[in-house]
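Chain and residue survey
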Amino acid sequence: MRRKIQLGQGETERVACVSASAFRGLDTVTGEVWGTEVLAERVGWLTSLVETLCTQVTSAHWNRADLARLASGRDCSGARLPSNAWMAVRTLGWGAVVPAGMYVPDRVRRVAEEQAGRALRSAWWRSEITDAVLATWPAGPDADPLRRTETEWAVLRAACPDGQAVAASVLRSRTRQIAAFQAAQGGRMPVDVCALESAPGGGRQVVLAAADKQLCTLTRCPDDPAHYGMLTVRLPARPDPRTRADWHPTVIRFRLSPTIPLAAALHAPTLRVRGGRLRLDVAFTAAAPTTSRNGHTRAVAFDYGLNTLLTGGTLTLTDGAQPTVLTDGQPVFFLPDGVLAKADRLRILGEHLWAKSAHLQALIDGRAVAGQWPAPPTCAKLAALQAEHAAVSRRRSKLNGQLAKAAARFMVETARAARATVIYLEDLRDMESLGKGRTLNTRLSSSVRGQIVAHTRHQAAAYGIAVVIVPARGTSKYCPRCLSVFRHHAAPDRPKPGWKWATCPNPACGYSADRDVAAWQRIGARGLTHQHTTVLDRSSGTYVIRRTVKELDQPVRHTSHPGTARSSGPAQPRAVADRTKAGPTRNRPVPRQRRRVPAPPATPVAQSAAAGPGEKRPAGRMPQWPRRHPQWRGRRQAPHTMSTPTRHQPRGARLGAGFHLNAHATPVTSRARPSMPPRSFSQDRSRADNPAPPRKT
């Protein structure tokens, strides 16, 4: 396994992970070829052994003293602990003990100790947060820990290590956990995180990164190194191996993901058994352009929404003594209305199945309390409902993952087309779905903002594009042109209070736009003007702007024509024709509403029957075959969800027709941007290394 790659100037190492499936294995001792079921069974035996040893270590040292010792990085004599978790565990004398009568290689014990050490190290941060919440718990019978005052929140953050970087949602979640423990224990408060939570396990996986070549080796297939890999690992031949002969080297051949470059270095994978199949999480290291936290002059910014998931655009920071933020004001949209409607239908189905399962479980529990055996048909029906609910949950998770990847791809391709070096997103970690109504709370809880940020960071890193999180406070409140407080309305032609449309009350400005369109301009301007305050969040590995300075906020200057930059003077409004209705509407012939055929001549039969004079043109439209299939869905696809937009009408978007037919986005074009060099984007997009993205996501 090659772990190092050669880097060029301006390049850095990019570590990523992909998932692969293995369907066959070759036992090198017996020469037997295993199928999917046997291979999953053998790996399951190995996983059970590792899980047992890992739980043994975590359960024995799940106390505050041992957690503090491991987190300090020093042993009892004051010597520094190794960086590897398994070596630190053995240095402290916490090694796993193999059960009597069984033989487990030392490398397998090393894997279990590595997983236990990682779990114990990660628990120390939760322990510090829990201690801070307990130390600042409000006193008094009427005190509500979730409704702290500003002073109490400041005291809590001061008690946390690096409290200003901790999201408020983390503090609220830990507070709810402690309150639930207090209610369950009759008012007794937990001592620390060890009393609040149970000891963690190994996660039902085998992390081979802690092993060496004596346990596993990973290489590319000699006949096809670009598409296949070969993993050789020692697996037990029985659930309880007794001797060394019970561990057989097994060759597992699997297909590599096309996203892995041929020059990438492969690392030892992590083995998991999911759904009766062996899954391998293959990590690899490849060269990628270096990202920068500051020094950006061109950026794209995006604002999250409900009806429109992403709304964004491009901004440019000019040079000079007084830098100015310019934008053409042309937004781009990502509209997965059909996907959100399908997710809503699956959510309703899952809630219905869960309610029926809970009812049957209550019936079974009632019979058990009465000393009666549960009815077999009831148990069978409960098992079927639980299996169906699990399948619906998997479908929802898969759909959310596809939506997050598609949204991230749209943002990255938009940044590449605009030749931007940074993507600015708003920080919505602290937003909670409380007090906003049943429907809106549900939609906010079902959003996948965290997955979108993670996938955007992963895809943008391959092109050297930085992803920076910007504070969201005030981005929809102030006008991007003059920083005046907006007036929000329901629609541009409905002046009653609402939240969708924003109008600037400043008569010198008069800016009126969609709420999300104004928000992405404020997000991008805030990111460009505060880029010197960008820091790297060590917990998530994301660039973050944690505080904003009011004096640094400046208005965004709109250019009059896309592709030309203006350095001074206010933005000129676009000339709009006067459409005021001053009189009756003139009758105009409606095209294609009447048949373009000559009038039929009068017939003697019609005149004699007093059916009226002839020579009249028949009214009505020409008969046409229906253009829509009866099974196609209409615009409104589910209750309590938005309809498909008219500008991006799906073509053949019927129920279950496919992801790409239900998600729509503004085409990523090579239109000119403010203050750009004369060279057009069409020349860059004609290159082979920068292909044009598809129209539909």
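An account of the accompanying structure is given in this report. (Residues numbered from 1 in each chain as written. Predicted model: local features only at pLDDT ≥ 70, side-chain atom pairs only at ≥ 80, totals over all residues. Heavy atoms only, no water.)

It is worth spelling out the sheet that holds strand E17 (residues 487-491) at this point. Here we have 4 strands laid out as an open sheet, ordered E18-E17-E19-E20, and antiparallel in their pairing. Edge positions in the sheet fall to strand E18 (494-497) and strand E20 (512-514), since each has one partner strand and no second. Across the sheet, the mean angle separating the axes of adjacent strands is 40° when strand polarity is ignored. Pairing of strand E19 (residues 501-503) with E20, which is carried by 3 bridges, proceeds in the antiparallel orientation. (Pairing = 2+ DSSP bridges. Helix = DSSP H or I, 4+ residues; strand = E, 2+ residues; numbered from the N terminus. Axes fitted to C-alpha atoms, helices over the stretch in contact; angles between N-to-C directions.)

In this structure the tally under the stated criterion is 22 salt bridges. Two residues, Arg253 and Asp223, come together in a salt bridge whose shortest N-O distance is 3.7 Å. Pair noted here: Arg253 is in strand E7 (residues 247-255) and Asp223 is in the loop between strand E5 (216-220) and strand E6 (228-236), with a separation of 30 residues, a long-range link. Exposure remark for Arg253: the relative accessible area of 40% places this residue in the partly exposed category. Assessed through its relative accessible area of 61%, Asp223 is described here as exposed. Here Asp240 makes a salt bridge to Arg242, at a shortest N to O gap of 3.0 Å. Members of the salt-bridge network, linked through shared partners, are Arg90, Asp106, Arg109 and Glu113. (Salt bridge = Lys/Arg side-chain N within 4 Å of Asp/Glu carboxyl O. Buried < 20%, exposed > 50% of the residue type's maximum accessible area, 1.4 Å probe, protein only.)

What follows covers helix H9 (residues 376-417). In this model H9 runs 62 Å from its N-terminal to its C-terminal C-alpha over 42 residues, within 8% of the 62 Å that 1.5 Å per residue would give. Positive phi shows up at Arg419, right after H9, with a value of about 55°. (Expected span 1.5 Å × (residues − 1).)

A separate point is the nonpolar core. Of all hydrophobic cores here, the largest spans 55 residues; its most connected members are Leu208, Leu231 and Phe254. Among the elements that make up this core, the one with the highest residue count is helix H1 (residues 36-60) (8 residues). Listed in part, the 43 residues of the second largest apolar core include Leu309, Leu346, Ile452 and Ala472. (Core = buried A, V, L, I, M, F, W, Y, C linked by side-chain atoms within 4.5 Å.)

Here we take up the sheet that holds strand E3 (residues 33-34). Taken together, the 5 strands give an open sheet; going across it, the order is E3-E2-E7-E6-E5, and neighbouring strands pair in antiparallel fashion. Strands with a single pairing partner mark the edges of an open sheet, and in this sheet they are E3 and E5. Judged from the 3 bridges that link them, strand E2 (residues 25-27) and E7 form a sheet pairing that is antiparallel. By the bridge assignment, Leu26 is partnered in E7 with Val251. Here H1 sits on the sheet and contacts E2, E3, E6 and E7; the angle it forms with E6, its principal contact strand, is near 55°. (Contact = heavy atoms within 4.5 Å.)

This paragraph deals with the packing of helix H8 (residues 337-369) against H9. Put simply, H8 and H9 touch, their axes get as near as 9 Å, and they point 155° apart. For the element pair H8 / H9, the angle class is roughly antiparallel. As H8 packs across H9, the resulting crossing turns out to be left-handed. Class assignment for the residues of the contact of H8 with H9 results in 15 nonpolar, 6 polar and 7 charged. (Parallel < 35°, antiparallel > 145°, perpendicular 65-115°, else oblique. Left-handed = near helix turned anticlockwise from the far one by under 90°. Nonpolar A, V, L, I, M, F, W, Y, C, P; charged D, E, K, R; others polar.)

Another aspect to go through is the pairing of strand E11 (residues 298-304). E11 sits mainly inside the fold: 7 of its 7 residues count as buried. Side-chain alternation along E11 places Arg298, Val300, Phe302 and Tyr304 on one buried face and Ala299, Ala301 and Asp303 on a second face that is also buried. Judged from the 7 bridges that link them, E11 and strand E12 (residues 310-317) form a sheet pairing that is antiparallel. Bridge pairing links Asp303 to Thr311 in E12. Adjacent in sequence and paired antiparallel, E11 and E12 are bridged by 5 residues. As paired strands, E11 and strand E15 (residues 422-427) are joined by 4 bridges and run parallel to one another. From the neighbouring strand, Ala299 faces E15, where its bridge partner is Val422.

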